[in-house]
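A look at the structure
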Amino acid sequence: MNNSVKTDDIIFNFFKQICDEKDEQKCVELGNSWIKAMENNLSTMEKNLDEKDKIKHKEDIQNNRNHLNSLKGKSSTEWKEYATKCMIEIMDNKV
């Protein structure tokens, strides 16, 4: 439980950094770095699954990839809106 709170805090702070960034280009770069990190995490998780679990989670993996693809090309305003929604979701799910 303690680790998940710390992870949520790190993610929250990353999204807060996106929201607080005044330079539009840096904001977009932060958003794009989020996509890259999540794509790397997804690939690593997928590599670590055995074939049975890859089949079981195929749709979820593809949905996550589709979500990440939908984030590509967002403007700084769109990234700030997305980051705000994510922060609200994190706060709503804190125990």
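What you see is a predicted model; the values in this text were computed from it and never measured.

1. Brief notes about the packing of helix α2 (residues 24–48) against helix α5 (residues 76–92)
If you want to describe how two helices pack, look at the angle between their axes and the distance between the axes. As a packed pair, α2 and α5 sit with axes 8 Å apart at the nearest point and diverge in direction by 55°. Judged by the angle between their axes, α2 and α5 are oblique. The hand of the α2/α5 crossing is left-handed. Mapping the contact onto sequence places Glu24, Cys27, Val28, Gly31, Asn32, Trp34 and Ile35 in α2 and Ser76, Trp79, Lys80 and Tyr82 in α5. A class-by-class count of the residues in the contact of α2 with α5 yields 6 nonpolar, 3 polar and 2 charged.

2. Focus on the packing of α2 against helix α4 (residues 58–71)
Running from amino to carboxyl end, α2 crosses α4 at an angle of 165°, the nearest separation of the two axes being 10 Å. The pairing of α2 with α4 is recorded here as roughly antiparallel in orientation. With respect to the hand of their crossing, α2 and α4 are arranged in left-handed fashion. Facing α2, whose interface residues are Trp34, Ile35, Met38, Glu39, Leu42, Ser43 and Glu46, α4 presents Ile61, Asn64, Arg65, Leu68, Asn69 and Leu71. Each residue belonging to the contact of α2 with α4 can be placed in one class, and the counts come to 7 nonpolar, 3 polar and 3 charged.

Calculation notes
Residues numbered from 1 in each chain as written. Predicted model: local features only at pLDDT ≥ 70, side-chain atom pairs only at ≥ 80, totals over all residues. Heavy atoms only, no water. Axes fitted to C-alpha atoms, helices over the stretch in contact; angles between N-to-C directions. Helix = DSSP H or I, 4+ residues; strand = E, 2+ residues; numbered from the N terminus. Parallel < 35°, antiparallel > 145°, perpendicular 65-115°, else oblique. Left-handed = near helix turned anticlockwise from the far one by under 90°. Contact = heavy atoms within 4.5 Å. Nonpolar A, V, L, I, M, F, W, Y, C, P; charged D, E, K, R; others polar.

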